[in-house]
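# Examining the three-dimensional arrangement
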Amino acid sequence: MSENNDAHINTMENAIHIFEDADSWSTVMLLYNSALKKINIKLEILNDEFQHAHQYNPIEHVKTRLKSAESIVRKLKRRGYESTTENMVKYVNDIAGVRVICSFTSDIYRIADMLASQSDIHVLFIKDYIKNPKESGYKSYHMIVTVPIYLSNGAVETKVEIQIRTVAMDFWATLEHKINYKFFDNVPEHIKRDLRSCAEMVSDLDAKMMDLNEQVRSL
Ligand code: 0O2
């Protein structure tokens, strides 16, 4: 790779060929782990700046995780791809996952806009399950982005999935995930109905809490 890091920013697909002398799985996981650290620090800075400027923290907390090898293989298999490092960097978007939990729905869009406007973050695509909830009732804002990770011999644009949601949306999603797991994804109809009804309550609660917060802030 070039001596000039900025001139040569590689995609992950290229990087696994460039690093082919090394163990490509470890290299790729090192890149994903570094990307998680980078996004985490960016969120911390934004939260600190918000506290400094407005005496208010839009972020309740942040969780990061690297998808397990079993889970990566399962996802590739489900989509009909062979388990290769090349397929995993190409087709699995959430190997590096960051979950940002906010108090209010308005914070979600604020955080998303602030991240998207940073020059080293490249937004690949967005899935807005808040404006378009899943049939299950799932609500969350997903951004698939890349950030450059500078290694000793060059930089690699590394993919990260950022899920941004409210505390209430997260509460719902966590329970729904547990229920799906317990029933091996064959959840009885009456439970699915109850979950959809809870999802509506979550939306009402989020709307009321945001309204209340705005009233208090305007006093
Ligand atoms: P896990 O166990 O969290 O890793 P893409 O990643 O865009 O290629 P995918 O996976 O269909 O395709 O994208 P999507 O719909 O944005 O989902 C990505 C992740 O969002 C999921 O990862 C879940 O974490 C979460 N998610 C999506 N839909 C639901 C839902 O209906 N309920 C809950 N609780 N979470 C959901 P994984 O790989 O499915 O699982």
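Structural notes, computed from the coordinates. (Residues numbered from 1 in each chain as written. Predicted model: local features only at pLDDT ≥ 70, side-chain atom pairs only at ≥ 80, totals over all residues. Heavy atoms only, no water.)

## Observations regarding the pattern of salt bridges
Counted under the stated rule, the structure contains eleven salt bridges. Across the salt bridge formed by Lys67 and Asp94, the nearest N and O atoms sit 3.2 Å from each other. With Lys67 in the loop between β2 (59-66) and α3 (69-78) and Asp94 in the loop between α4 (85-91) and β3 (96-102), the pair connects residues that are 27 residues apart, well separated along the chain. According to the relative accessible area criterion, Lys67 is buried, its value standing at 10%. (Salt bridge = Lys/Arg side-chain N within 4 Å of Asp/Glu carboxyl O. Helix = DSSP H or I, 4+ residues; strand = E, 2+ residues; numbered from the N terminus. Buried < 20%, exposed > 50% of the residue type's maximum accessible area, 1.4 Å probe, protein only.)

## A word on the site of the ligand
Of all residues adjacent to the ligand, which total 18 residues, the nearest are Lys67, Lys75, Lys127, Tyr129 and Glu176. The contact in question runs from an oxygen atom of the ligand to an N or O atom on the side chain of Arg79, over 2.9 Å. Within the side chain of Gln163, an N or O atom sits 3.0 Å from an oxygen atom of the ligand. Elements with a contribution of two residues or more to the shell around the ligand: β6 (154-166) and α6 (167-182). Partitioning the shell around the ligand into residue classes produces three nonpolar, five polar and ten charged. (Near = heavy atom within 4 Å. Polar contact = N/O pair within 3.5 Å; in protein donor to acceptor, adjacent residues only side chain to side chain. Nonpolar A, V, L, I, M, F, W, Y, C, P; charged D, E, K, R; others polar.)

## Examining the side chain of Arg165
Looking at the element boundaries, Arg165 is found in strand β6. When its relative accessible area of 2% is taken as the criterion, Arg165 is described as buried. The contacts of Arg165, once residues within four sequence positions are left out, are Arg99, Val100, Ile101, Cys102, Ile108, Tyr138, Lys139, Ser140, Asp170 and Ala173. (Contact = heavy atoms within 4.5 Å.)

## Re the packing of aromatic side chains
Two descriptors summarise a pair of aromatic rings, namely the distance from one centre to the other and the angle between the planes of the rings. As enumerated under the stated definition, the model contains four aromatic pairs in all. With a centroid separation of 5.3 Å and 75° between ring planes, the pair formed by Tyr109 and Tyr141 is classed as edge-to-face. With a gap of 32 residues between them, Tyr109 in helix α5 (residues 105-116) and Tyr141 in strand β5 (residues 141-151) connect regions that are remote in the sequence. On the basis of relative accessible area, Tyr141 is assigned to the buried category, the value being 9%. (Phe/Tyr/Trp six-rings, centres within 6.5 Å; stacked < 30°, edge-to-face > 60°.)

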